[in-house]
2 protein chains.
Amino acid sequence: MEKPILMGPGPAQLPWRVVRAMMQPGESHLDPAFNEGVLDRTLFRLRDIFRTRNEVLTVPGSGRVALEASVTSLVEPGDPVLCVVAGVFGDWIREMAERVGGAVTPFEVGLGQPLDLERLEKTVREGRFKALAMVHNETSTGATYPADAVGRIARDRGLLFLVDTVSSISGIDVRSDEWGIDTNMTAPEKAFGAPIGLALVSVSPRAWEAMESRKRPATSFSYDLLRWKRMWLPQERGGGAAPGARRTPIVVPIHLVYALRETVDMIEEEGLERRLARHRQAGRAFRAALKAIGLSTLPPEDLASDTVSCIRLPEGMSAKAVAAHVRARHNIVIGTGMGPLMDRTLRVGHMGVTASAQYVLPTLIALESALSANGHKLTRGEGVKAAQEVFEE
Amino acid sequence: MEKPILMGPGPAQLPWRVVRAMMQPGESHLDPAFNEGVLDRTLFRLRDIFRTRNEVLTVPGSGRVALEASVTSLVEPGDPVLCVVAGVFGDWIREMAERVGGAVTPFEVGLGQPLDLERLEKTVREGRFKALAMVHNETSTGATYPADAVGRIARDRGLLFLVDTVSSISGIDVRSDEWGIDTNMTAPEKAFGAPIGLALVSVSPRAWEAMESRKRPATSFSYDLLRWKRMWLPQERGGGAAPGARRTPIVVPIHLVYALRETVDMIEEEGLERRLARHRQAGRAFRAALKAIGLSTLPPEDLASDTVSCIRLPEGMSAKAVAAHVRARHNIVIGTGMGPLMDRTLRVGHMGVTASAQYVLPTLIALESALSANGHKLTRGEGVKAAQEVFEE
């Protein structure tokens with residue numbers, strides 16, 4: 001039996017050429033053929049996808065390690081940090097900042113609800129925060145938040161702006177520099193469609209300054225980003241590495257870097273704008289299907305994510321049962337909810353290669369079948385048809 | 001041109017079947033087919049290689065992340081920790097413990113020199129330490145330290161015993177339970193011969209207790225091992241995960257876990273004892289060759305590592321020049337020194353597949369040629385011959 005197709009909120013289905021890119025002998029992480037030729041070039045090219053002129057770094061990990069590396073490198077004990085908490089992932093940033101001793105103020109947003117920008121601006125104005133952290137695309141609720149508007153509020157008061165773009169970047173537009181993002185924290189296992197195992201972070205000059213002026217070193221040795229500046233970034237790019245002496249302060253998973261490079265190739269071949277448009281279309285198609293079968297996403301349409309749809313289930317229906325049906329009968333993996341939404345929502349990813357009719361339509365067939373089997377009244381094929389119409393626009 | 005053969009102190013040359021094991025579609029880290037079927041079984045089988053009945057965990061990272069996860073999970077601000085510092089890697093543990101606020105006493109050992117057990121015992125007796133940390137096989141000097149004897153000293157005084165076995169395990173005998181190791185901290189990219197990207201740690205019941213009784217949570221969210229106990233270890237094995245609800249607190253690199261599984265297969269097929277004997281033979285052969293061409297390892301014979309030989313170069317010869325010759329003319333990567341030994345020593349790995357005549361003999365040919373070209377007087381072939389005699393014993 002083939003392994004199931006991944007239509008959950010991540011990891012995303014991998015293109016075969018990305019898997020194949022891992023067919024490499026080992027290499028020394030100190031070898032310039034790898035260091036300069038593969039790693040640095042790949043990271044440099046990522047800047048176009050991040051829409052930044054800042055340096056992009058990669059460390060072993062995953063999305064949450066990207067958050068942790070950034071938070072641990074920037075937040076000192078006692079530092080006042082405002083965290084937008086609109087779901088599980090926002091709450092993780094809060095916990096990370098608290099673990100390193102930050103004085104965290106959570107800015108709570110109802111699950112799947114809009115972020116009240118006026119209230120946020122007031123909170124920022126009345127507080128004395130060093131940093132503001134938020135999740136761009138909250139994977140637990142399928143809501144995309146206006147990081148541009150929040151960035152403006154942060155910038156107006158001189159706050160560092162930390163943004164989790166784990167499930168958005170390369171699927172939903174992320175404009176690091178335009179939005180004033182100081183650390184853009186993400187990972188390749190979602191919309192990039194690359195394997196799990198790396199964390200990605202871009203770092204602004206202001207964020208480097210904040211790290212340089214810390215009173216004492218970050219609690220982490222391996223994930224202290226300042227060590228990357230000193231050992232990895234070359235002097236001509238503002239770093240501390242003398243010519244020919246660049247080293248990553250931690251060995252980087254060679255094979256995953258090759259996979260990431262292949263992913264960057266694919267994104268460049270497609271073109272970022274076309275890729276973003278493809279995700280917009282897939283998100284719209286998926287939501288049109290939901291509407292046609294009498295369902296909706298948890299967040300309102302204008303907040304609904306184009307990479308992860310969080311479906312509000314009819315009263316009394318079990319997310320676990322629906323997902324199990326989809327898996328057992330159709331060999332497709334979709335996600336159930338997280339936290340308080342655990343058994344009340346389903347989460348379907350349409351990101352990377354799966355943001356397409358090829359993957360979305362069979363998933364809708366499976367979903368119609370599973371919902372029907374679990375007692376939801378629908379006319380079979382209506383959802384699929386509605387989605388197909390969007391794909392054929 | 002083929003990529004160079006890796007005969008440095010790590011990462012080690014990868015067997016092709018290990019590389020091939022990464023040819024896998026993605027999978028959800030939440031899928032029991034992966035979680036229970038691949039990840040848990042592989043970790044469970046690792047216990048035989050660790051020679052432990054404790055749980056073995058894996059997190060994204062590398063050797064130093066294994067150290068950091070353990071140190072961060074166990075050491076609280078103010079905790080008195082004794083760190084054996086016999087080289088670069090011992091010094092990293094010291095730095096990690098200091099970064100999380102530990103009150104660290106370094107126990108300095110001269111580079112490549114023996115560890116004075118009497119002095120250590122006295123230090124332990126006169127201090128009030130919570131933990132003792134050491135590196136079993138110091139990759140920077142090629143010296144293997146008596147972790148069994150040190151473990152006895154730690155145990156006698158009730159100290160937690162943290163051991164870095166990054167470049168020893170599966171190549172040099174490591175007896176976690178017999179030696180009283182509370183956290184065995186290692187990684188698959190050295191003697192295992194698996195790709196970079198994972199950290200491995202085994203945790204004793206005493207270490208869990210120390211984590212449970214912390215005053216405040218570890219500074220790391222992603223690498224707090226206690227979260228692994230609560231979310232990943234099943235209740236019947238002392239953990240907190242209810243049946244069917246096991247989750248890794250961080251997504252684990254699927255593909256690297258498949259590679260690790262293949263490595264475990266290979267180790268089991270060969271048999272651990274035979275594998276260790278093969279490494280002993282390779283180490284001995286390499287040192288016999290050095291002697292035959294008028295060189296020696298940095299540490300005395302009885303300390304010399306069977307996985308990494310650190311060669312003391314003749315006065316005035318540049319390690320960089322020798323390594324460059326070996327790379328350019330023979331397409332073999334060997335390592336130069338680290339820290340103060342940077343240009344005065346060479347480091348050659350003979351671990352995993354390269355602990356064999358197949359890899360050691362060509363490396364010796366290359367080394368003889370490079371040393372000769374750099375002015376060392378030797379009779380070509382003498383080193384190779386001496387090594388071959390050991391391999392043919």
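With an unreviewed UniProt entry as reference, chain A is termed Aminotransferase class V domain-containing protein, source organism Handelsmanbacteria sp.. According to its UniProt record, chain A has this under Sequence similarities (unreviewed entry): "Belongs to the class-V pyridoxal-phosphate-dependent aminotransferase family."

(A) The arrangement of the interface of chain A and chain B in detail. Taken together, the 56 residues of chain A in the interface contact 56 residues of chain B. Both faces considered, chain A and chain B share a buried interface measuring about 4600 Å² in area, 62% of it formed by carbon and sulfur atoms. Here chain A and chain B share 6 salt bridges between them. Put simply, K3(A) and E27(B) hold a salt bridge, and the shortest N to O gap is 3.0 Å. At the surface where chain A touches chain B, the tally comes to 27 residue pairs in polar contact (both at pLDDT 80 or more). The element that contributes the greatest number of residues to the side of chain A that touches chain B is helix 4 (residues 88-99) of chain A, accounting for 5 residues. When the residues that make up the side of chain A that touches chain B are grouped by side-chain class, the tally is 29 nonpolar, 13 polar and 14 charged.

(B) Examining the UniProt feature "binding site: substrate" (unreviewed entry) in chain A more closely. The residues that UniProt annotates with the feature "binding site: substrate" (unreviewed entry) are R347(A). With respect to the helices and strands, the residue R347(A) is situated in strand 15 (residues 345-349).

(C) Local environment of the relation of the copies chain A and chain B. Structural alignment of chain A on chain B gives an RMSD of 0.0 Å, achieved by rotating through 180° and translating 0.0 Å along the axis. On this basis, the relationship between the two copies can be described by a two-fold rotation axis.

(D) Structural context of the environment of V59(B). Residue and element names in this part refer to chain B. Along the polypeptide, V59 turns up in strand 2 (residues 55-60). As for V59 and L225, which are separated by 166 residues in sequence, their C-alpha atoms are 9.2 Å apart. The contact partners of V59, leaving out residues within four places of it in the chain, are V65, G197, L198, A199, Y223 and W228.

(E) Seen up close, the nonpolar core. Ranked by size, the top nonpolar core spans 192 residues in total, and within it L46(A), L120(A), L132(A), L46(B), L120(B) and L132(B) carry the most contacts. If near-sequence neighbours (up to four positions away) are discounted, L132(A) is found in contact with L82(A), V84(A), L120(A), V124(A), V150(A), A154(A), L159(A), L160(A), F161(A) and L162(A).

(F) Layout of the pairing of strand 8 (residues 160-164) of chain B. Residues and elements named next belong to chain B. For strand 8, the tally of buried residues reaches 5 of 5 residues, placing the bulk of the element in the interior. Covered by surrounding structure in strand 8 are L160, L162 and D164 together with F161 and V163, the residues of both alternating faces. Note that strand 5 (residues 131-135) and strand 8 share 5 bridges and pair parallel. Bridging across to strand 8, A131 finds its partner in L160.

(G) Quick peek at the sheet that holds strand 11 (residues 296-297) of chain B. Residues and elements named next belong to chain B. The strand order 11-12-15-14 describes an open sheet built from 4 strands, whose pairing is antiparallel. The open sheet has two edge strands, strand 11 and strand 14 (335-336), and neither has a second partner. Looking at chain direction, strand 14 and strand 15 (residues 345-349) are connected through 2 bridges and run antiparallel. Bridge pairing links G335 to R347 in strand 15. Of the strands in this sheet, strand 11, strand 12 (308-312) and strand 15 touch helix 10 (residues 272-292), which is tilted by about 15° from strand 12.

(H) Geometry of the sheet that holds strand 4 (residues 103-108) of chain B. Residues and elements named next belong to chain B. Strands sit in the order 2-10-9-8-5-3-4 across an open sheet of 7 strands; the sheet is mixed. In this open sheet, the two edge strands, each paired with only one partner strand, are strand 2 and strand 4. When the angles between neighbouring strand axes are averaged without regard to direction, this sheet yields 20°. Running at roughly 150° to strand 9 (residues 183-186), helix 3 (residues 63-74) makes contact with strand 2, strand 8, strand 9 and strand 10 (198-203) of the sheet.

(I) Summary view of empty space enclosed by the protein. Summed over all chains, the structure comprises 3 cavities of 30 Å³ or more. What the largest cavity holds in volume is close to 90 Å³. Around the largest cavity, the lining residues are E68(A), T72(A), T219(A), S220(A), Y223(A), E68(B), T72(B), V100(B), T219(B), S220(B) and Y223(B). Of the residues assigned to the lining of the largest cavity, the class counts are 3 nonpolar, 6 polar and 2 charged.

(J) Structural detail: the pattern of salt bridges. For the coordinates displayed, the defined rule picks out 56 salt bridges over all chains. Its salt-bridge partner being E36(A), residue R246(A) comes within 3.4 Å of it at the nearest N-O pair. Taken together, the residues span a long stretch of sequence, with R246(A) in the loop between helix 8 (225-231) and helix 9 (254-270) and E36(A) in helix 2 (residues 32-50) at a distance of 210 residues. On the basis of relative accessibility, which here comes to 7%, the residue R246(A) falls in the buried class. The exposure class assigned to E36(A) is partly exposed, which follows from its relative accessible area of 33%. For E95(B), the salt bridge goes to R99(B), with nearest N and O atoms at 2.9 Å. With E95(B) and R99(B) both in helix 4 (residues 88-99) and 4 residues apart, the pair spans about one turn of that helix.

(K) Geometry of the side chain of S369(A). Position of S369(A) among the secondary structure elements: in helix 12 (residues 357-373). In this structure S369(A) touches H325(A), H330(A) and R380(A), once residues within four positions along its chain are discounted.

(L) Fine view of the UniProt feature "modified residue: N6-(pyridoxal phosphate)lysine" (unreviewed entry) in chain A. Residue and element names in this part refer to chain A. Sites flagged by UniProt as "modified residue: N6-(pyridoxal phosphate)lysine" (unreviewed entry) map to K190. Inspection of the secondary structure assignment puts K190 in the loop between strand 9 (183-186) and strand 10 (198-203). Under the relative-accessibility criterion, K190 is labelled buried at 10%. Setting aside residues no more than four positions away along its own chain, K190 makes contact with P9, G10, A12, T139, V166, S167 and M351.

Calculation notes
Once a new chain begins, its residue numbering starts again from 1 and follows that chain's sequence as written. Labels are handed out in written order, letters beginning with A for the chains and numbers beginning with 1 for the ligands. Only residues with pLDDT of at least 70 get local features here, since the model is predicted, and only at 80 or more are side-chain atom pairs given and counted; chain-wide, interface and lining totals rely on the full set of residues. With hydrogens and water set aside, each side-chain value is computed from the structure's full complement of heavy atoms. UniProt positions are given in the numbering used here, feature names are shortened, and annotations may be inferred rather than shown by experiment. By definition in these notes, contact holds between two residues if any of their heavy atoms fall within 4.5 Å. Defined here as a combined quantity, buried area equals the accessible surface (1.4 Å probe) lost by two parts on assembly, summed across both. Within this document, salt bridges are pairs made up of a side-chain nitrogen of Lys or Arg and a carboxyl oxygen of Asp or Glu, the two lying within 4 Å of each other. What qualifies as a polar contact is a pair of N or O atoms within 3.5 Å, subject to a donor-acceptor requirement within protein and to the restriction that residues adjacent in sequence count only when both atoms come from side chains. Strands here are runs of E lasting at least two residues and helices are runs of H or I lasting at least four, both read from the DSSP assignment and numbered beginning at the N terminus. Three categories are distinguished: nonpolar for Ala, Val, Leu, Ile, Met, Phe, Trp, Tyr, Cys and Pro, charged for Asp, Glu, Lys and Arg, and polar for the others, with Gly belonging to the last. Copy-to-copy alignment: least squares on C-alpha atoms, limited to residues at pLDDT 70 or above in both. Nonpolar cores are built from buried Ala, Val, Leu, Ile, Met, Phe, Trp, Tyr and Cys residues. Side-chain atoms within 4.5 Å join them into one set. Categorising residues by exposure relies on relative accessible area from a 1.4 Å probe, with only protein chains included: less than 20% of the type maximum marks a residue as buried, more than 50% marks it as exposed, and the intermediate range marks it as partly exposed. Strands are labelled as partners when DSSP assigns at least two bridges between them. Only the stretch in contact is used when fitting a helix axis, every axis being a line fitted to C-alpha atoms; angles between N-to-C directions are given from 0 to 180 degrees. Residues are said to line a cavity or pocket when one of their atoms sits within 4 Å of a point; the points come from a 1 Å grid over protein atoms alone, cavities being sets where a 1.4 Å probe fits but cannot get out and pockets being open sets with protein on both sides within 12 Å along at least five of seven lines. Grid points are joined across faces, edges and corners, and a volume is the space filled by probe spheres set on the points.

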